[in-house]
Structures are given as C-alpha cells and as structure tokens.
Amino acid sequence: MFPDAQRYLEVTEFRRPRVALIFTGGTIDSVGTDRLDLAWYIEAGKRLDDHELVNAVPELQGIADVTEVPFRRLPSQSIKDRDLFDLVELIHRLVDEDKMDGVVITHGTNTLEETALFLHLTVKRDRPVVVVGAMRPASAISADGYLNLLNAVRVAASPAAVGKGVLTVLNDTIHSARDVTKTATYRVDTFQGRDLGPLGYADNDGRVLFYHQPVRPHTTATEFDVTGLHALPRVDVVVSYLGADGVMIDAAVGAGAKGIISAGTGAGRPTPAEDAALDKASAAGVAIIQGTRVGSGRTVQSPGLKKKGWAGADNLQPWKARILLALALTKTSDITEIQRIFDTY
Ligand code: GLU
C-alpha cells in the first residue's frame, strides 16, 4: 500500500478511493514502430488497445479502484469544442452518479494545457481532476507514461488535491492548469509554470505533496457554465513578426471572429499595420486582447490599450487566453468586464 493511499483510507473511513480514467489519446497510449521511435510515432497511427495501458500498471489497483471510462482517442491537436463540452459533462456524471473521488484524463501533450484550462474554468465539482500525458510513446525505451499515469492516479486519489482545481501531472510534477505550459518539443520536463512554478510533486517515496495552492477562482467558483452549450464563440490568435501586415486580422474578422488574441512582440506590441487592422476590428465590435509572443510575463492593460478599448492578457499564453476570451464572450462583450475576467482568472 502506498503511503498516500493509506492516508486516504483513514480519512474515507476505510473506503478505497475510486478513480475514473478517461483516455483521450496522445502520446501516452501511442505505439511507435520500434523502441527507438521517439519522434514520429504519431504518424504510425497505432495505439494500445482498450485496457492495455491500465493492465500494464497493476500497481494502480494498490492505490485506488481504477475504472476505465470509454471516450474518443485522438492526437490532441484534433480536439474540438464538442470534445471539451463532452468531457465536462462526463466528469460531472462520474462524480455525481458513479461517486468517483477523482478523475484522471490522459491527453496528448500538444494541447493538454488548453483542455486543462478549459476544465479548470468550467467543471462544477471540487473532486480532483488530473490531466496527464507522456513525452515518449508506450512502446519506447524509458517510456514515461506508465509512471506519469500512476502519479496522476495518486494525485486524483489524494484528499490533498480536493478543491485545488484541475491539475496536470507529468515528470513527478503537479501544476495548476491555469499556469502550466509546454515548453519543449521532446523533453520529459517540458511542462513548466514559467514565472509561476509548480504546486507540488507526486514524489518518488509515493507521497503527494503540495507546497502552494491556486489563489485565483476555478471550477465551482467561476462564473462560467457551459451546460447546454454546443460551440464557443470564435476567437482567433494572430502572431506578430517583423513586417506583419493586417491580412491575418482581416481574415479572422471575415471568418466571423468575435474576439482576437494579438500575440504581440515584447510586452505586447503588434506592428503598425496590425495595430491599424486591430483598431478596425475593435471598431466593428470584435473583442481585442493584447498578449505576447514572448512566452512568459504579463501583458498589462496600459493607458494606451484602455483608450483603444482593448484588454490585456495578463500572463496567459495566447492559446490559453483564447480559451478564457471564448468563455468570457459567452457572458459579455463589454471590454471592461472582459478585462475584469482576465484580472480575475
Ligand atoms: N509529442 C506528440 C506529437 O507532437 C504529441 C501528440 C499529441 O499531443 O497528441 O506528435
């Protein structure tokens, strides 16, 4: 028996924790052409069969009663709004009807932080929800997915994780979905909180340890409720670079964008041509959020931005700001309100 499982048994009056395991695909259950296929296994399009990953880690049952729940399995860049809504509904059902104490979602690492943030802002239950992935396929030499999965179940079964929002667990490290981002294409320590750091660790002695907790509202404390929604308002991300004109911005508006995240240079500076196109979009009622392409640090609502009627992205990566803006637009199109939402979450 692992130490944290033992503690959980004590607090749950001798009931073993129940953890649901939802597989959405990604690297963790991918199979490469051989043990050294560490880079292009996704192109082989091969996955472990149902139950194979769980059966390969029998130690899971020493931590919790683990139940595999069917879902669709995809490379993570294929995930759409519909999948996100279905996940929220499934998590609610697993907690309410199946009385799960925690939920683990396996996910491709490429967009893991986007799904995790969406769930962090929209799941209306306080049970631990842990999103886990791997950097090496299940068939690889030194595959990291097996231990990541075990650690994710440890965290999901841990009373210490209750009320901490959606968490990610890879490389023994627990991050808040709000803060985490993928920082390297192939390294196993790719997930980092950058300026904000991790919340804790699922450590090698089997213990789940938190050193920090999220202070911004999440899950049950947010104003976002996606029940009954089938699509999010369209929000596009436009990246600045030397010589960028307004073509991408005009195209986003033409495609019906209700909001644009401008990933500007430095502390949030688009080119003059982009500035003009964004002003035009803003005048047409499109919500503009100024962010940065830098990868860390805040983009603030400067007096200049306030005058233009644009908001600042805080320290969210542009693709995460897209999730928050899309959710904000389900509630309001008022830019002062939208800035409040970015300052709150
Ligand atoms: N490392 C994988 C790739 O880039 C991740 C796959 C995924 O996110 O589904 O192909």
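All values reported here derive from a predicted model rather than from experimental measurement.

**Describing the site of the ligand**
Link 1 in the chain: Residues in close proximity to the ligand include G26, T27, Y41, I42, P75, S76, Q77, G108, T109 and N110, which together make up its full environment.
Link 2 in the chain: Between the ligand and Y41, the relevant distance is 3.0 Å, taken from a nitrogen atom to a side-chain nitrogen or oxygen of the residue.
Link 3 in the chain: If the ligand stood free it would expose 300 Å²; the protein chains cover 86% of that surface.

**Comments concerning the packing of aromatic side chains**
Link 1 in the chain: Taken as a whole and judged by the stated rule, the model has three aromatic pairs.
Link 2 in the chain: With a centroid separation of 6.3 Å and an interplanar angle of 65 degrees, the aromatic rings of Y201 and Y211 are classed as edge-to-face. Of this pair, Y201 sits in strand β11 (residues 200-202) while Y211 sits in the loop between β12 (208-210) and β13 (235-239), and the two are 10 residues apart along the sequence.
Link 3 in the chain: For Y201, a relative accessible area of 32% gives the class partly exposed.
Link 4 in the chain: Taking NZ or CZ as reference, R72 lies 4.4 Å from the ring centre of F71, over its face.
Link 5 in the chain: The positively charged end of K164 is found above the aromatic ring belonging to F210, 4.6 Å away from the centroid.

**What to know about the sheet that holds strand β14 (residues 259-264)**
Link 1 in the chain: Pairing in this open sheet of four strands is parallel, and the strands run β13-β14-β15-β16 from one edge to the other. Looking at which strands have only one partner, the edges of the open sheet turn out to be β13 and β16 (311-312).

**Let's talk about a nonpolar patch on the surface**
Link 1 in the chain: A surface patch of nonpolar side chains, amounting to about 260 Å² of accessible area, comprises L36, L38 and I141.
Link 2 in the chain: Here L36 is to be found in the loop between β2 (30-31) and β3 (46-47).

**As for the packing of helix α3 (residues 81-96) against helix α4 (residues 112-122)**
Link 1 in the chain: Their axes nearest at 10 Å, the elements α3 and α4 cross at an angle of 50 degrees. One way to sum up the angle between α3 and α4 is to call them oblique. Relative to α4, α3 is oriented so that their crossing is right-handed. Every residue of α4 that contacts α3 at L84, F85, L87, V88, I91 and H92 is listed here: T115, F118, L119 and T122.

**Looking at the nonpolar core**
Link 1 in the chain: Within the largest apolar cluster, 52 residues are counted, with the highest numbers of intra-cluster contacts made by I22, I91, F118, L119, L325 and I338.
Link 2 in the chain: The contact partners of I338, leaving out residues within four places of it in the chain, are A287, I289, L325, A328, L329, T332 and S333.
Link 3 in the chain: By size, the runner-up hydrophobic cluster in this structure holds 32 residues, among which are A134, V153, V155 and L199.

So, how was this worked out
Along each chain, residue indices are assigned from 1 in the same order as the chain's sequence is written. pLDDT decides what is reported in this predicted model: residues at 70 or higher carry local features, side-chain atom pairs at 80 or more are listed and counted, and totals for whole chains, interfaces and linings draw on all residues regardless. Heavy atoms from the whole structure form the basis of all side-chain values; hydrogens and water molecules are not counted. Throughout this document, a residue counts as near a molecule or strand when at least one of its heavy atoms sits within 4 Å of that molecule or strand. Between N or O atoms, a polar contact is any pair within 3.5 Å; within protein, one atom must be a potential hydrogen donor and the other a potential acceptor, and residues adjacent in sequence are included only when both atoms are from side chains. In short, Shrake-Rupley with a 1.4 Å probe defines the accessible areas, and a residue's cover is counted only from the protein chains shown. Any two rings among Phe, Tyr and Trp, with Trp reduced to its six-membered ring, count as a pair given centres within 6.5 Å; such a pair is stacked if its planes are under 30 degrees apart, edge-to-face if over 60, and tilted if neither. Every helix listed is a DSSP run of H or I at least four residues long, and every strand listed is a run of E at least two residues long, numbered separately from the N terminus. Only protein chains enter the calculation, and the probe is 1.4 Å; a residue is then buried if its accessible area is under 20% of its type maximum, exposed if over 50%, and partly exposed in between. For a ring to carry a charge above it, either NZ of a lysine or CZ of an arginine must fall within 6 Å of the ring centroid while also lying within 35 degrees of the normal to the ring plane. Two strands make a pair as long as DSSP finds a minimum of two bridges between them. For patches, a residue must show more than 30% relative accessible area and have no salt bridge; joins then use 9 Å for like charges and 5 Å for nonpolar side chains, namely Val, Leu, Ile, Met, Phe, Trp and Tyr. Put simply, a salt bridge is a Lys or Arg side-chain nitrogen that is within 4 Å of an Asp or Glu carboxyl oxygen. Interaxial angles span 0 to 180 degrees and are taken between N-to-C directions of axes, which are lines fitted to C-alpha atoms, for helices over the stretch in contact. With respect to orientation, any angle under 35 degrees is reported as roughly parallel, any angle over 145 as roughly antiparallel, any angle of 65 to 115 as roughly perpendicular, and every other angle as oblique. By convention, the crossing between two helices is left-handed when the near helix turns anticlockwise from the far helix through less than a right angle, and right-handed when the turn is clockwise. By definition, residues are in contact when any of their heavy atoms lie within 4.5 Å. Residues grouped as a nonpolar core are buried Ala, Val, Leu, Ile, Met, Phe, Trp, Tyr and Cys residues, joined through side-chain atoms within 4.5 Å.

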